[in-house]
Every structure is written in C-alpha cells, then in structure tokens.
Amino acid sequence: MKPRPAAVASPPVPVVHHRENVMGTIVIIDVYAAADGGAGRPAGDLGRQLAEAVAVLHRADATFSTWRPDSPVSRLRRGEITSAQAPAEVAELLEHCAVARDLSGGWFNPWAMPGGLDPSGYVKGWAAQHALSAFSGGGICGVLVNAAGDIASTGGPADGMPFRVGIADPHTPLRLAAIVELTGTIATSGTYERGDHLIDPHSGRPAARAASASVTGPDLGLADALATAVAVAGEPGLDLIGTIEGYEALIIGPDGSRRWTSRFPIASDRTAPHRPWLPSRCY
C-alpha cells in the first residue's frame, strides 16, 4: 500500500475582509477568528466593531484632509480658525507630530511643508491605529488594518502564529526585499510608487536619500512619520531610529544596498509554508 501524503493545512483566512475607499486610498481590514471559529461570538458584534473602525477612518479624513476645503486642518492652514477652535483631536495629533519632529531630528516636520501645516505623514497611520482599537473581545485571534501598505496589527492569523509582511523591492517592486515577522505595526515610505512627493523639511524641496524606508514599532502613527523621515534623511535617519525605544528600521539605498537596525524583525525562514505573508507597499 502506498503511503498517503501528509495533509497540508490550508492557510488561515479572515472571517472579515473589508475594503474601504477613504483618505484618498484603499484601507483593507482583515479579522481572523480563533481556532474554534469564534464560537459564541455574535456575528453582529463584529459588524458593529467593523462599522466603528470604518467610522474612525472617515472621521480622520473629514478632520485632517488637506484636500477638503471644509476640513478643520484646511481651515487652520488658511487661518480661519485657531488650534484652540479646532476639534480636540487636532491638538492631540499635532502634539504627536511635535514629538515625531523632535525624535526624527527635524526630518519629519509638518510645519515646514510647502503650503503650510500638513500632518498627512502622521494621519494615515494614526487613523489606522485607532481603527484597529475598535476590535476586541473573545473569538478574535488577529486583526490587520492595512492603509495602503502602512499596517497596524494585533495578534496573528491563528493562535501562536505571527503575521508576516513582505516589503517590496523599490528597484523591482514585484519582488520582495524582505519578509517581516510583524508584532505591532509597519510603515514603508519611498518614491517608487508616487514619484517625488517626499519633502526635505530643511530645504522645502522634494528629496529622498533612500529608495525606501520601513519602520516597525508599537504605534503606526509614529512609525509612519519616522518612515517618512528616514526615507528623506537616508542613513543618518536610520541611526536616529536606533535611539528610539521599541522602533526598528530598514532602508534600501538608491544603489540597492540595505541597512537595518539591530532588532529589525526580518523573518528567519522566508519559505515556511505554514506562515502566510501579506504584501506591504508604500504609497
């Protein structure tokens, strides 16, 4: 009798897979259930949490968009209102931006952008992080909120299995430069998708000294801002990340060279079939 081939477990699939057009991009929300399928968890509970997460994203867009003339940030840029007159979350986010500016040595600076205040480099990650917090309770083993390649996560696709995220090679975007074991968030910044949209706050002109920069850490808003800073600064920015507790970075240079901080979570086994990975791109 011929031996039967060993059964191969199917990769985990999300019980919720939602695409939302918001903030000028597509945000994808994936929710994974525990091994018992989330037994005893009312389906309506996940629906309510998803609706709350989507509402968070749209509130962020309505509040912080520099493309909407009626947004509080647009009105603040035109001098029609003061920070004290803006919604409370505007002051909260600008405080976070000031921290990111100081931590990055000024390579991230929303107050030095052409046209005036522009916190967009922090907002997308901040909004995705807040959307992630809408999900809680038994039956969920993992959640991903993917805001155009900037990813906030909790848990994994199955119990004891971390999410894996692939970082695109900026010189050959259909290939992967690295795969990361994700235990929190990752943000990637570069010019290979959108061209020269990154601004050097010191000169006010478009500049990127790295082909791409990826930053991991516990908070996606800060990781997003730091990835922008490192992409603009290049290797000096990478050295700054090494001083920020909980955050790690990888940069790919214009010549294809790669450098990373000592604890950047590159996966040790890129081929393990039981650990699915998700692509990450920068926009």
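I will try to describe carefully the structure that is included in this document. Worth saying up front: this structure is predicted, and the values here are computed from it rather than measured.

1. Side note on the environment of Ala55
Reasoning step 1: Structurally, Ala55 can be placed in helix H1 (residues 43-64).
Reasoning step 2: For the pair Ala55 and Ala134, spaced 79 residues apart in sequence, the C-alpha separation works out to 9.9 Å.

2. What to know about the pattern of salt bridges
Any two side chains of opposite charge can pair, so long as their charged atoms come close to each other.
Reasoning step 1: Per the stated rule, a full pass over the model turns up eleven salt bridges.
Reasoning step 2: Close ionic contact of Asp61 with Arg68 constitutes a salt bridge, the shortest N to O distance being 3.5 Å.

3. Brief notes about the packing of helix H4 (residues 120-132) against helix H5 (residues 220-233)
The description of two helices packed together rests on the angle between their axes and the distance between the axes.
Reasoning step 1: In contact at an axis separation of 7 Å, H4 and H5 are set at 155° when each is read in the N-to-C sense. Put simply, H4 runs roughly antiparallel to H5. When you trace H4 past H5, the crossing you get is right-handed. Contact residues: Gly121, Tyr122, Lys124, Gly125, Trp126, Ala128 and Gln129 in H4; Leu220, Gly221, Leu222, Asp224 and Ala225 in H5.
Reasoning step 2: For the contact of H4 with H5, the residue count by class is six nonpolar, four polar and two charged.

4. Considerations on the pairing of strand E6 (residues 172-182)
Reasoning step 1: In terms of strand pairing, strand E5 (residues 163-169) meets E6 through seven bridges, oriented antiparallel. If you follow Arg164 over to E6, its bridge partner there is Glu181.
Reasoning step 2: Hairpin connection between E5 and E6: a loop of two residues separates the two successive antiparallel strands.

5. Focus: the sheet that holds strand E12 (residues 258-260)
Reasoning step 1: Strand order in this open sheet of eight strands is E1-E2-E3-E4-E7-E10-E11-E12, and the pairing throughout is antiparallel. Looking at the sheet topology across the chains shown, the edges are occupied by strand E1 (16-22) and E12. Strand-to-strand twist across the sheet, computed as the mean angle between neighbouring axes with direction ignored, equals 10°.
Reasoning step 2: Of the strand pairs in this sheet, strand E4 (residues 150-155) and strand E7 (residues 185-190) are connected by two bridges, and their pairing is antiparallel. Bridging from a neighbouring strand, Ile151 pairs with Ile186 of E7.
Reasoning step 3: Sitting on the sheet, H5 touches E4, E7, strand E10 (212-217) and strand E11 (248-252), and the angle it makes with E7 is about 30°.

6. Re empty space enclosed by the protein
Reasoning step 1: Enumeration according to the criterion identifies one cavity of 30 Å³ or more in this entry.
Reasoning step 2: Contributing to the lining of the largest cavity are Ser104, Trp107, Leu226, Ala229, Val230, Ala233, Gly237, Leu240 and Ile241.
Reasoning step 3: Among the secondary structure elements, those contributing two or more residues to the lining of the largest cavity are H5 and helix H6 (235-241).
Reasoning step 4: Of the residues forming the lining of the largest cavity, the biggest block, four residues, is contributed by H5.
Reasoning step 5: Residues of the lining of the largest cavity, tallied by class, amount to seven nonpolar, two polar and no charged.

Thresholds, definitions, all that
Residues numbered from 1 in each chain as written. Predicted model: local features only at pLDDT ≥ 70, side-chain atom pairs only at ≥ 80, totals over all residues. Heavy atoms only, no water. Helix = DSSP H or I, 4+ residues; strand = E, 2+ residues; numbered from the N terminus. Salt bridge = Lys/Arg side-chain N within 4 Å of Asp/Glu carboxyl O. Axes fitted to C-alpha atoms, helices over the stretch in contact; angles between N-to-C directions. Parallel < 35°, antiparallel > 145°, perpendicular 65-115°, else oblique. Left-handed = near helix turned anticlockwise from the far one by under 90°. Contact = heavy atoms within 4.5 Å. Nonpolar A, V, L, I, M, F, W, Y, C, P; charged D, E, K, R; others polar. Pairing = 2+ DSSP bridges. 1 Å grid on protein atoms, 1.4 Å probe; cavity = no way out; pocket = protein on both sides within 12 Å on 5 of 7 lines; lining within 4 Å. Points joined across faces, edges and corners; volume = space filled by probe spheres on them.

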